[in-house]
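The primary structure of each chain is shown beneath.
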Amino acid sequence: MPRPIAPMMLPPQARSRTVTAVLGPTNTGKTHLAIERMVAHPTGMIGLPLRLLAREVYNRVADRTGIDSVALITGEEKIIPKNPRFWVSTVEAMPLDIVVDFVAIDEVQLAANLDRGHVFTDRILNIRGRSETLLLGAATVRPLLEKLLPGLNVVTRPRMSVLTYVGSKKVSRLPARSAVVAFSSDEVYGIAELLRRQRGGAAVVLGSLSPRTRNAQVELFQNGDVEHLVATDAIGMGLNLDVDHVAFAGNRKYDGYQYRQLTAAEMAQIAGRAGRHTRDGTFGVTGRVDPLDDELVDQIEGHQFNGLKVLQWRNSRLDFSSTAILRQSLDVVPREDGLARAPVGDDIVALEHLLRDSSISDLAKGRDAVELIWDVCQIPDYRKIAPANHAEMLNTIYTHLMRDGAISDDWFNRQVAFADRVDGDIDTLANRIAHIRTWTFVANRPDWLADPAHWQQVTRKIEDKLSDALHDRLTQRFVDRRTSVLMRRLRENAMLEAEITPSGDVLVEGQHIGNLLGFRFAPDAAAEGPDGKTLRAAAQKALAAEIETRADRLSRAENGDFILSSDGTIRWRGEVVAKLAAAEEVLKPSVILLADELLSGAERDKVQERLDLWVKAQVETLLKPLTDLQAAEGLEGLARGVAFRIVENLGILERQDAAEEIRQLDQDMRSSLRKMGVRFGAYNIYVPVLLKPAPSQLLAQLWALKHGALDMEGLSELPQLSASGRTSIPVNPDIDKALYKVVGFRVCGPRAVRVDILERLADIIRPLVSWKPMDADVAPPEGAIQQGGGFTVTVAMTSLLGCAGDDFTQILKSLGYRVETKEVQRPVSVLTLVETPAAAETPVEVAAEDSTEEDAVEGAAAPAVVEEAAASAEAEAAPAETPPEPASAKVAADAEPVEGDSADAAADGSEEMETVTIEIWRPGRGDRRPRRQGAQDGRRAGSQENRAKGGEGRKDSPRGDKRGKGGKGAPRPERNRGLKTFESSPKPKKDKPVDPDSPFAALMALKAGMDKKGKS
């Protein structure tokens, strides 16, 4: 079948339609994202840079969607079911005559490659999905993509793990799970031989290997048969490996034109294979290469590289009218900035060779003949022989096709038979594989052979057989778990030399037998066997000396050298040396030293003492308010008991759980607790400093040690959510509710709200409930109602908590508020306000109140402690995203004023009125009536009117249960039972001075200063 002509080049203004560029370094999950996006569409196609990677993606898509839904197309392999939905292909083999909903092109930075770049450029500029097109690659191509595709949407993805340079290491001392990169087959073989002798063997990956052989070698490395991989830069793209370290054994390569230094971007592409998913990786050089300079290291570690200058381009709108015109169309130069004409490729060289033969040029007459000769020139030169020899083979194929209509089976069979042998060494087998890959490519052309399906099976079978034979040869040569040096030393019964590298590798005669992790020796499983005991015995002396040295260094280490990990382990300079364990007191955990018997005596005691001291200092520093409250210095009487309750609850005590004790605290006791960081809130008595990320995370770990395990659900997520600045989060039923409280959240129905945010909510609600108009014509403030004693939900409330609707309703109900509905009249024109977007969020104003705490609680609908109102603006939460305003809040805000002036306007007939239903929230519960308390306990519940004016309510209502100030059980004087507002508060009692350290004193001083300034 003739090669379909590429579609007409899209104009620049239309190229970015449906296109998104996803750019970033290696290990960012770009290819995974493309697969997920493709299978979400009805149809899709993805172009990949390598046949090996195409096969891997094909298998993944087939597992997801079924083998009958996906097709695989490469130059050497075609698997096409009857009605495929998805097409996985190499970029060169992408079918250009089908239309799909989704298209992805991987590694688009290869558009700058001198050999293949023009193909990538053509796909970037011309192939599009109807609904979505993804361009995946490195950030170096971004400037050119934005220039060639105006209006392109660019998404950058960060690397999921950290890449770190570790300097130079000898090949024999490279850590396990390392890949050594060289740039010639001779270098690869030499390094692999060295690793076989000293480290037990290595897998080998070369670009000339068939995909089957490469997969088999990679499997040796992946399953742990060998701990090292030696490869060319073929691993830089398309191979997903569990590599922890990449070592460069060279930094120069032959690129087909010259020997040159690797660019920073090329080195990063290779080094980026170290680390997988979230596991960090390292890179460095071997002794054969000079250490990398600092600037280059910074570029690779920071993924910052110079942008590409040009993309390679070749005209894809070829004219096959004649061979001369074909040559002219191939010579067309690009006319856009950012594109450069590609160098002469192998196919053009082959065409020139063929046309020099007069017999071929005579046959190449007419459009079909010219198109066919160009199609024949696309056969890759896998054998990498001389261009003239390759052209001779193409000459024979073209002659068969033109004269006979198909390639002769006899001739084709003879060519295939040359490769059908498995004897010979590694290079011989590699050459045969290259030879058979050529005939596999030819067999996959559906109209070049009489029976292409038969020959596809034949060539595939031969290639697989050769690939397996080559894998066996490589394994025999480069994998040997017993090194000749070690065996010779053991036979001679000589003293084995052991050493410990700075990275903790334990070597005996250069063979890795394990790692020293902190104060524990972890033997390498590969070093076990008949001689394993001998190897460990040889290492004992070196291990004992190293552990003693480490113990001395740790005992003198600074606090900054230690960290507490999320799994409860203590790390010293990155090494795990101990772990925390639960003790009798939450704030005094035990420290269990993780060490072998080699650490003993005075050295062990020294290490234990230093770790105990560090843990104590860590708790006392991050949780100082709790330790101060536990010591209770300066606290007397009932204040000591409240402090104990706060410590017992790790810094957050629900007010209703200690209502009796709080009520009995006098101002001196409260002042002493406030000086120790305690804040008296409407719903919680808490320590704001402990809500910060570091104390919160430490508290969660200590609580988990005492009450469960460090692997309990939510322990890693909740401290992160707390540190993110979110004011409320959805409640996960699988997470212990007590854990929410430990990290500073209170569970309120379906959401958990930060305790300091609840106090800010109380500050907003309090003046709304207390509001009462002095004049009947005065409209209430937003959220207040005309009669007072209740409120409606406002944008400020929902914005503060970051939620609205039913979630916000459930939060209010959990706090003890009850809701009632009411029908009101309002102008019909108000509907336009409801349909328009909510106005900008108004900041929450905190009223400065100078009344006593008891007066404030009794006079407020939400029982917030007034002395904390001024401090609530200092809450440490980051503002939450403004949620959509609930419809009920909008209607309520607009409806209430109608009872005044708007109602009169309606009576005059100037506006059409309508009846709407609003929600009004009031303190207390609606499911049962408030209970009267007997005089014997000093409490009383007033009438409905008294409760509306700030009188006593039910014990479990938000206002709490407060005693009168005239003595136990005495009724409050009439003058104190009037309505209190945030604008007018009673004077402090004369028989007791105001605490100079309280917020009220500061506010009174500020007010006095402002009055004095105004008078002057």
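Up top is the structure these notes are about.
Overview of the structure. Just so it is clear, the structure is predicted and the values come from calculations on it, not from any experiment.

**Here we look at the state of the cysteines**
What the rule picks out here adds up to zero disulfides. Looking at C803, it has no disulfide partner, and the nearest cysteine sulfur is the one in C748, 9.5 Å off.

**Regarding the sheet that holds strand 32 (residues 751-754)**
The antiparallel open sheet is built from three strands, whose spatial order is 30-32-31. A strand with exactly one partner marks an edge of an open sheet, and here the two such strands are strand 30 (728-730) and strand 31 (745-748). Going from strand to strand, the sheet's axes swing by 25 degrees on average, the running direction of each strand aside. Bridging between strand 31 and strand 32 involves four bridges; their strand directions are antiparallel. When the bridges of strand 32 are listed, F745 appears paired with R754.

**Considering the side chain of T399**
Along the chain, T399 turns up in helix 14 (residues 387-404). Residue T399 is classed as buried on the basis of its relative accessible area of 18%. There is a polar contact of 2.8 Å between the side chain of T399 and the backbone oxygen of N395.

**A short note on the nonpolar core**
Of all hydrophobic cores here, the largest spans 70 residues; its most connected members are F519, I570, L611, L623, L629 and L673. Ranked by the residues each element gives to this core, the list is headed by helix 25 (residues 693-707), at seven residues. Once you skip the residues sitting within four places of it in the chain, L623 turns out to touch L587, Q618, L690, P695, L698, L699 and L702. By size, the runner-up hydrophobic cluster in this structure holds 64 residues, among which are L195, L318, I360 and L470.

**Things to note about the environment of A342**
Examined against the element boundaries, A342 turns out to sit in the loop between strand 18 (339-341) and helix 11 (346-355). With a relative accessible area of 10%, A342 lands in the buried category. Sequence separation between A342 and Q312 is 30 residues; the distance between their C-alpha atoms is 4.9 Å. Not counting residues within four places of it along the chain, the set of residues in contact with A342 comprises H118, Q312 and W313.

**Some points on the packing of helix 16 (residues 426-443) against helix 17 (residues 452-478)**
Two elements in contact, helix 16 and helix 17, have axes whose closest approach is 9 Å; the angle formed by their N-to-C orientations is 160 degrees. By the angle between their axes, helix 16 is roughly antiparallel relative to helix 17. Between helix 16 and helix 17 lies a crossing of left-handed hand. By residue class, the composition of the contact of helix 16 with helix 17 is 15 nonpolar, four polar and six charged.

**Section: the packing of helix 15 (residues 409-417) against helix 17**
Between helix 15 and helix 17, the shortest axis-to-axis distance is 11 Å and the interhelical angle comes to 10 degrees. Comparing their axes, helix 17 and helix 15 come out roughly parallel. Mapping the contact onto sequence places D409, F412, N413 and V416 in helix 15 and W455, V458, T459 and I462 in helix 17. Classifying every residue of the contact of helix 15 with helix 17 gives five nonpolar, two polar and one charged.

**With respect to unusual backbone geometry**
Phi at R177 takes a positive value of approximately 60 degrees, unusual for a residue other than glycine. Relative to the elements of secondary structure, R177 occurs in the loop between strand 9 (163-169) and strand 10 (178-181).

**Observations regarding the pairing of strand 5 (residues 86-90)**
Burial within strand 5 is extensive, with five of its five residues counted as buried. Direction of pairing for strand 2 (residues 44-48) relative to strand 5: parallel, over a ladder of five bridges. Looking across to strand 5, one finds that M45 is bridged to W87. Relative to strand 5, strand 3 (residues 70-73) runs parallel, the two sharing four bridges. Directly across from L72, in strand 5, lies its bridge partner V88.

**Side note on the side chain of Q269**
With respect to the helices and strands, Q269 occurs in helix 8 (residues 264-271). Ignoring sequence-local partners within four residues, the contact set of Q269 consists of T26, E107, Q109, G236 and M237.

**Brief notes about the pattern of salt bridges**
Applying the stated criterion across every chain, the model contains 39 salt bridges. A salt bridge links E146 to R142; the shortest N-O distance between them is 3.0 Å. Residue E146 and its partner R142 are located together in helix 5 (residues 142-148), separated by four residues, close to a single helical turn. We classify E146 as partly exposed; its relative accessible area is 35%. Note on R142: relative accessible area 33%, which makes it partly exposed. Residue K253 pairs with D233 through a salt bridge whose shortest N-O separation is 2.7 Å.

The rules behind these values
Residues numbered from 1 in each chain as written. Predicted model: local features only at pLDDT ≥ 70, side-chain atom pairs only at ≥ 80, totals over all residues. Heavy atoms only, no water. Disulfide = S-S within 2.5 Å. Pairing = 2+ DSSP bridges. Helix = DSSP H or I, 4+ residues; strand = E, 2+ residues; numbered from the N terminus. Axes fitted to C-alpha atoms, helices over the stretch in contact; angles between N-to-C directions. Buried < 20%, exposed > 50% of the residue type's maximum accessible area, 1.4 Å probe, protein only. Polar contact = N/O pair within 3.5 Å; in protein donor to acceptor, adjacent residues only side chain to side chain. Core = buried A, V, L, I, M, F, W, Y, C linked by side-chain atoms within 4.5 Å. Contact = heavy atoms within 4.5 Å. Parallel < 35°, antiparallel > 145°, perpendicular 65-115°, else oblique. Left-handed = near helix turned anticlockwise from the far one by under 90°. Nonpolar A, V, L, I, M, F, W, Y, C, P; charged D, E, K, R; others polar. Salt bridge = Lys/Arg side-chain N within 4 Å of Asp/Glu carboxyl O.

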